[in-house]
Amino acid sequence: MNQWARKNFEKDFAHGIGPKTYEKLFELMLRLRLNYIWPAMHEVSKEFGDTPENVALADHYGIVAGSSHCEPMLYNNVHWNEKLKGAWNYSTNPDSIYKYWKETAKDRKDKEAVWTMGIRGIHDRGMESPPSGIPERITLLEKVFKDQRDLINQYVNKQWGAVAQCFVPYKEVLPVYDAGLKVPDDVTLIWVDDNFGYIRRLSNPTERKRSGGSGLYWHLSYYGGPHSYTWINSTAPALMWEEFHKAWENQARTMWVINVGDVKPMELGIDYFSRLSWNPESQKTDAQPQFLKAFLTEHFNENVAKLNDLLTEFYRLGTVRKPELMNRDWAISLSDNEAVQLQADYQRLLNLETSVAKSVPLNKQDPYTEMIGFPARIMAETGLIFMHDRAIVYGANQATHHVEIDRLKAALESEVNNYNNKIAGGKWQYMMPGTITGQNLLSWNSQVAWPWAETRKPDTTKKAIQADITRNASSADEQTPAGTAKWSVIPGLGNSGRAMALTPVNLNLSWKPGDAKAPTLNYNFKTDGNSAKVRIDFMPTFRIYPGMQLRVAILVDNKFISTTEVPGSNGKEDENGPNRNQGIRNNYVSALIDLPSLTTGTHKLSIRAIDPGVVIDKISFYKN
């Protein structure tokens, strides 16, 4: 959006996103019934509060202007000059930082706002050192809270009642909070996802009694490590529903914020978020198909069934792998059967988009392309490029596959050019990046590590072993509920597009390992009398709060085998950890379980619930 605003829409502002752009954004928010914003805060943007007209416009439109987890007291420090102002470190330079917080409190004292408490590093960096120890950081943050609240009490207008405040324990700050940081009771705790859509934790029973309540900060778009994804919106509405309804059921209801990046590519996701947040309890397990039907009927009204099929498959393939996260390592790690199936799926998506596009009326071609056609083609063509590159790595006819890669690359570049320069008469010029692999995958580009820019020798030793049988979890031969608790198919969720979630997701539902009354999924399978293994693919969700776990019990022929914890669910690792680093990219983590020696014939695998929050996607059987 910055490139678009700076070079196209708001050229006279000279700083990218400014009042003219914000006014359009505020209008959009009101149409969607949204009323709270964390403004642009990256180096390429001028600070929101440094342009008084921005603040005045927010107030005029009734938009509550807050600030992100790294902008305490509504102060954006992205251009903080350490040579002139000293270090951005409250333990070594409190007077200088306090001075700017005081100025902001005076400047924004009579405007509606939610004041963000705490401190992190400059821009989006972690907390500065010293201190580096958690006990010392707790002491520092509690001092920060006191000083910030003193400023609010002294300067900020209380004509609407108590001044709204929030604390966002993001990234390195969450372990500090979990170690015992005392946050004032009236400050709203904004829980966070792991930047890839999975909520790291929610409130425990004691925290649910706080007067400030709790909320959620969640990413529809992400700019940062281990990898950004900002090009297109491929996050399934079903995942949004699964995580947000979990937040709602566990009392995170005070404030919801989503990161939408450049806004324009995230249109469908923003629309669904607005509907979900306006009436969370109206959304059920079929939230995605219901939303797609309503959205497509409202905006297109023709060929809704075909458009629905196209978007449903687009979101499923986006769950398999977002285009921004595709790379050679991922492609060559696929088993041969997986690669063949994926190539067919990408080609089918491309063919379906071509067919659907022909049926869209001329007067709706532009919005169709912007919201549906362009993202679908990006998904399909990027995926096909990596499947052809994989074939080259494994020794297929190089000339044939290089020709296909060149053709697909040219098609992508043509589609980006069409989006930027032809749609709506060039209205969106400079909005979409192209197929250049930047030296820095955090810079403004597609963020794809395209094969034509690869310099490393491919590692073919990590190719996945093909399972003998793979079943979607939703294909269970039998399931038994426990009162209102059951395993529910969530249309649109997971790699399968039909993952099974334990519903409802609240603290009242848990069972002892192997409890025969727990909700159970049963799968029949055959063995030849030799030893075997089963792999369960879970979606990489977290336990509800620290001290809980995320487990299921495994039985064979009604005999208890083991208790299995969802890998990476205990909150001890972040998105760089051994389970979650690939789990968040694949949207599954796997548990491999040895089965006991079994007689030749048919047997029954049972998966029984223990803890709330488990989502199962696929079951695979392997012969040893």
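For the structure itself, consult the block above.
Reference entry: report on the structure contained in this document. (Residues numbered from 1 in each chain as written. Predicted model: local features only at pLDDT ≥ 70, side-chain atom pairs only at ≥ 80, totals over all residues. Heavy atoms only, no water.)

## Examining the overall build of the chain
Phase 1: Regarding its fold elements, the chain presents 16 helices and 18 strands.
Phase 2: Per-residue burial over the chain gives 57% buried out of 624 residues.
Phase 3: Long-range pairs, those at least 24 residues apart, make up 74% of the contacts in the chain with a sequence separation of at least 6.
Phase 4: Summed over its atoms, the accessible surface of the chain is roughly 25500 Å², and 49% of this surface lies on carbon and sulfur atoms.
Phase 5: The centroid of the 72 positive side-chain charges in the chain is displaced by 2 Å from the centroid of its 71 negative side-chain charges. (Helix = DSSP H or I, 4+ residues; strand = E, 2+ residues; numbered from the N terminus. Buried < 20%, exposed > 50% of the residue type's maximum accessible area, 1.4 Å probe, protein only. Contact = heavy atoms within 4.5 Å. Areas by Shrake-Rupley, 256 points an atom, 1.4 Å probe, with all protein chains shown as cover. Lys, Arg positive; Asp, Glu negative; His and termini not counted. Charge placed at Lys NZ, Arg CZ, Asp CG, Glu CD.)

## Structural notes on helix α14 (residues 365–393)
Phase 1: Approximately 40° is the largest bend angle found in α14, and it occurs at glycine 373, with the proline proline 375 only one to four residues beyond.
Phase 2: Buried residues dominate α14, accounting for 25 of its 29 residues.
Phase 3: At the exit of α14 stands glycine 395, carrying a positive phi of roughly 95°. (Bend = angle between axes of the 7 residues up to and from the residue.)

## Remarks on the sheet that holds strand β14 (residues 551–556)
Phase 1: As summarised here, the arrangement of the 5 strands in space is β9-β12-β17-β14-β15, forming an open sheet in which the pairing is antiparallel. Two strands lie at the open edges of the sheet, namely β9 (478–480) and β15 (559–565), each paired on one side alone. Averaged over all pairs of adjacent strands, the angle between strand axes in this sheet comes to 25°, irrespective of strand direction.
Phase 2: In this structure, strand β12 (residues 520–527) lies alongside strand β17 (residues 601–609), joined through 8 bridges in antiparallel fashion. The residue bridging threonine 527 from the neighbouring strand is glycine 601, located in β17. (Pairing = 2+ DSSP bridges. Axes fitted to C-alpha atoms, helices over the stretch in contact; angles between N-to-C directions.)

## Some words on the environment of alanine 65
Phase 1: Tracing the backbone through its elements, the reader meets alanine 65 in strand β2 (residues 64–65).
Phase 2: Here the alpha-carbon distance between alanine 65 and tyrosine 36, two residues 29 residues apart in the chain, equals 6.0 Å.
Phase 3: Beyond its immediate stretch of four places on either side in the chain, alanine 65 contacts Ile37, Phe48, Ala58, Leu74, Arg108, Glu112, Ala113 and Val114.

## Observations regarding the side chain of asparagine 420
Phase 1: Inspection of the secondary structure puts asparagine 420 in helix α15 (residues 398–421).
Phase 2: By relative accessible area, asparagine 420 is classed as buried at 8%.
Phase 3: Polar contacts involving the side chain of asparagine 420 include one to the main-chain amide nitrogen of methionine 431, which spans 3.3 Å.
Phase 4: Not counting residues within four places of it along the chain, the set of residues in contact with asparagine 420 comprises Gly426, Trp428, Gln429, Tyr430, Met431 and Met432. (Polar contact = N/O pair within 3.5 Å; in protein donor to acceptor, adjacent residues only side chain to side chain.)

## Side note on the pattern of salt bridges
Phase 1: Per the stated rule, a full pass over the model turns up 31 salt bridges.
Phase 2: Where salt bridges share partners, they join Glu313, Arg316, Asp345 and Arg348 into one cluster. (Salt bridge = Lys/Arg side-chain N within 4 Å of Asp/Glu carboxyl O.)

## Details of the environment of serine 274
Phase 1: Tracing the chain through its elements places serine 274 in helix α9 (residues 267–278).
Phase 2: Put simply, serine 274 and asparagine 586 are 312 residues apart on the chain and 27 Å apart in space, counted from C-alpha to C-alpha.
Phase 3: For serine 274, the residues in contact, after removing those within four places along its chain, are Leu32 and Leu34.

## A few points about the packing of α9 against helix α10 (residues 287–299)
Phase 1: As a packed pair, α9 and α10 sit with axes 11 Å apart at the nearest point and diverge in direction by 110°. Classified by the angle between their axes, α9 and α10 sit roughly perpendicular to one another. For the pair α9 and α10, the sense of crossing is right-handed. Where α9 approaches α10, its residues Leu268, Asp271, Tyr272 and Arg275 are matched on the opposing element by Ala287, Phe291, Ala294, Phe295, Glu298 and His299. (Parallel < 35°, antiparallel > 145°, perpendicular 65-115°, else oblique. Left-handed = near helix turned anticlockwise from the far one by under 90°.)

## Structural notes on helix α11 (residues 304–320)
Since one α-helical turn is 3.6 residues long, residues separated by three or four positions face the same way.
Phase 1: Here α11 is 17 residues long and its end C-alpha atoms lie 24 Å apart, about the 24 Å a rise of 1.5 Å per residue gives.
Phase 2: The element α11 is largely enclosed, with a buried count of 13 among its 17 residues. (Expected span 1.5 Å × (residues − 1).)

## Structural notes on the packing of aromatic side chains
Phase 1: Applying the stated criterion across every chain yields a total of 33 aromatic pairs.
Phase 2: Each ring, one from phenylalanine 525 and one from phenylalanine 621, has its centre 4.8 Å from the other, and the planes form 20°; the classification is stacked. One end of the pair, phenylalanine 525, is in strand β12; the other, phenylalanine 621, is in strand β18 (residues 615–623), and 96 residues separate them in sequence.
Phase 3: One aromatic cluster is present, built from ring pairs that chain together Tyr75, Trp80, Trp88, Tyr90, Tyr100 and Trp101.
Phase 4: Geometry around tyrosine 100 places lysine 85 over its ring, the cationic atom sitting 4.5 Å from the centre. (Phe/Tyr/Trp six-rings, centres within 6.5 Å; stacked < 30°, edge-to-face > 60°. Lys NZ or Arg CZ within 6 Å of the ring centre and 35° of its normal.)

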